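# Overview (structure and organization)
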Amino acid sequence: MVTTDYSVLDKKKPEKSLTHFAHRKKGRSHGKITSRRRGGGVKKLYREIDFKQNILGDQLTVQALEYDPYRSAFIALVQNQNGKKCYILAFDGARVGVTVKIAEKAPIKPGNRMILKNVPVGSFVHNVELNPGRGGQMVRSAGASAKVLAHDGSRTHLVMPSSEVRVVRNEGLATVGAVSNPSHGDQVFGKAGRKRLMGRRPSVRGSAMNPVDHPHGGGEGRSPIGLKYPKTPWGKHALGVKTRNRKKYSNPSIMRRRKKNK
């Protein structure tokens, strides 16, 4: 088992005014299972994260670093110069007492938030806005960062964590640096119980089922699937099938698709 180092986090309880209980669907829609292998898990309080951070001129001081059960990254409790508190995504290198700025053009320092067109080429950013004013929607998972490749008129080219090159409007805001908890991808769960606490139920192989339950089922002992190609439980192709919508709205924004794993 390999776990994340939580020693950098504060032991305090979450800010009560910034939390609420969010009902979890557990893979159901109108009581019917629409996403398999979901259910159970421990109760969790949802922390309200300010993904916008769009009040120019604000100076935020980190009050505490906390754990968030709803995301892979850590979160930071910050307070502005007027005493208002909120949660933000903790940037890599965040410490209690560090001050960050939100401005149209701010120093290139981890945690500072600024308009994307003012970020120098070659810098790394996260929590990037797709539509100005809507709040950060991209590059928000633990350890993630996008590299500013070029500025072209009203657009900026970003190299995403997946190696995809994407074009976004450069009037939006972005936070300098990478997201916290870069070692999240190195953890090894070690036992099934940890996944159950996260709300993940067991996954059963189709070849271990009966023919009535799965196209791969049946046979004597550990037998092959007996088909020309793998199928889903509903009989559709399950290997080498493109799942991306050809008419997806973001297709024109992708300059270069991500590199496939060999």
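The following refers to the structure shown. These numbers were taken from a predicted model, which means no experiment stands behind them. Each residue is numbered by its place in its chain's sequence as written, counting from 1. Where totals are concerned, whole chains, interfaces and linings use all residues; where local detail is concerned, this predicted model gives features only for residues with pLDDT of at least 70, and gives and counts side-chain atom pairs only at 80 or more. Hydrogen atoms and water are omitted, and side-chain values are computed over all heavy atoms in the structure.

### Points about the overall build of the protein chain
Check the secondary structure of the protein chain and you find one helix and 17 strands. The buried label goes to any residue with under 20% of its type's maximum accessible area, the exposed label to any with over 50%, and the partly exposed label to all in between, with areas taken from a 1.4 Å probe on protein chains only. The buried share of the protein chain, taken over its 262 residues, is 34%. Between two residues, a contact is recorded if the distance between any of their heavy atoms is within 4.5 Å. Taking the intrachain contacts of the protein chain between residues at least 6 apart in sequence as the baseline, contacts between residues at least 24 apart amount to 56%. When the accessible surface of the protein chain is totalled, it reaches about 16500 Å², and 51% of it is carbon and sulfur. Here Asp and Glu are counted as negative and Lys and Arg as positive; His is not counted, and neither are the chain ends. Charge positions come from single atoms, namely NZ of Lys, CZ of Arg, CG of Asp or CD of Glu. Positive and negative side-chain charges in the protein chain, numbering 53 and 17 respectively, have mean positions lying 9 Å apart. Strands here are runs of E lasting at least two residues and helices are runs of H or I lasting at least four, both read from the DSSP assignment and numbered beginning at the N terminus. Computed with the Shrake-Rupley method and a 1.4 Å probe, the accessible areas treat only the protein chains shown as cover for residues.

### Considering the pattern of salt bridges
What counts as a salt bridge is simple: a side-chain nitrogen of Lys or Arg found within 4 Å of a carboxyl oxygen of Asp or Glu. Taken as a whole and judged by the stated rule, the model has six salt bridges. The shortest N-O distance in the salt bridge between glutamate 171 and arginine 169 comes to 3.7 Å. Taken together, the shared-partner salt bridges in this structure form one network comprising Lys12, Glu15, Glu66 and Lys85.

### Details of the sheet that holds strand 16 (residues 173-176)
Strand pairing requires that DSSP identify at least two bridges connecting the strands. The strand order across the open sheet formed by seven strands is 9-16-10-13-14-15-17, and the pairing between neighbours is antiparallel. Of all the strands in the sheet, the pair left with one neighbour each is strand 9 (113-115) and strand 17 (254-256). Sheet twist, expressed as the mean angle between neighbouring strand axes with direction ignored, is 45°. Looking at chain direction, strand 10 (residues 124-126) and strand 16 are connected through two bridges and run antiparallel. Opposite histidine 126, over in strand 16, you have threonine 175 as the bridge partner. Axis lines are fitted to C-alpha atoms, over the contacting stretch for helices. Their N-to-C directions set the angle, which ranges from 0 to 180 degrees.

### Quick word on the packing of aromatic side chains
Under the pairing criterion, centres of Phe, Tyr and Trp rings, with the six-membered ring standing for Trp, must be within 6.5 Å; the plane angle then separates stacked pairs below 30 degrees from edge-to-face pairs above 60, leaving the rest tilted. In this structure the tally under the stated criterion is three aromatic pairs. Between tyrosine 6 and tyrosine 67, the ring centres sit 5.6 Å apart and the planes meet at 85°, which makes this aromatic pair edge-to-face. You can see tyrosine 6 sitting in the segment before strand 1 (19-21) and its partner tyrosine 67 sitting in the loop between strand 5 (59-66) and strand 6 (75-79), a full 61 residues away along the chain. Look at tyrosine 67 and you get partly exposed, because its relative accessible area is 42%.

### Side note on empty space enclosed by the protein
A cavity here means a set of 1 Å grid points, computed over protein atoms only, where a 1.4 Å probe fits but cannot escape. A pocket is an open set with protein on both sides within 12 Å along at least 5 of 7 lines, and lining residues have an atom within 4 Å of a point. Grid points are joined across faces, edges and corners, and a volume is the space filled by probe spheres set on the points. One pass over the full model with this rule turns up one cavity of 30 Å³ or more. The computed volume of the largest cavity comes to approximately 50 Å³. If you trace the largest cavity, you find it lined by Gln53, Ile88, Leu89, Phe91, Gly111, His126, Asn127 and Thr175. Residues that form the lining of the largest cavity fall into these classes: three nonpolar, five polar and no charged. Put simply, Ala, Val, Leu, Ile, Met, Phe, Trp, Tyr, Cys and Pro go in the nonpolar bin, Asp, Glu, Lys and Arg in the charged bin, and everything else, Gly too, in the polar bin.

### Brief notes about the layout of surface pockets
A water-sized probe rolled over the atoms picks out the places where empty space is left. In this structure, the largest pocket spans a volume of roughly 650 Å³. What lines the largest pocket is a set of 22 residues, and nearest its centre among them are Tyr67, Pro69, Tyr70, Arg71 and Met198. For the lining of the largest pocket, the secondary-structure elements that each account for two or more residues are strand 4 (45-47) and helix 1 (192-197). Partitioning the lining of the largest pocket into residue classes produces ten nonpolar, six polar and six charged. Roughly 390 Å³ of volume is contained in the second largest pocket. Taken together, Lys242, Thr243, Arg244, Asn245, Arg246, Arg257, Arg258 and Lys260 make up the lining of the second largest pocket. Across the lining of the second largest pocket, the residue classes tally to no nonpolar, two polar and six charged.

### Here we look at a positive patch on the surface
Each patch is built from residues lacking any salt bridge and having more than 30% relative accessible area; the joining distance is 9 Å for like charges and 5 Å for nonpolar side chains (Val, Leu, Ile, Met, Phe, Trp, Tyr). On the surface, a cluster of positive charge is contributed by Lys26, Arg28, Lys43, Arg196 and Arg201. Within the fold, lysine 26 resides in the loop between strand 1 and strand 2 (28-29).

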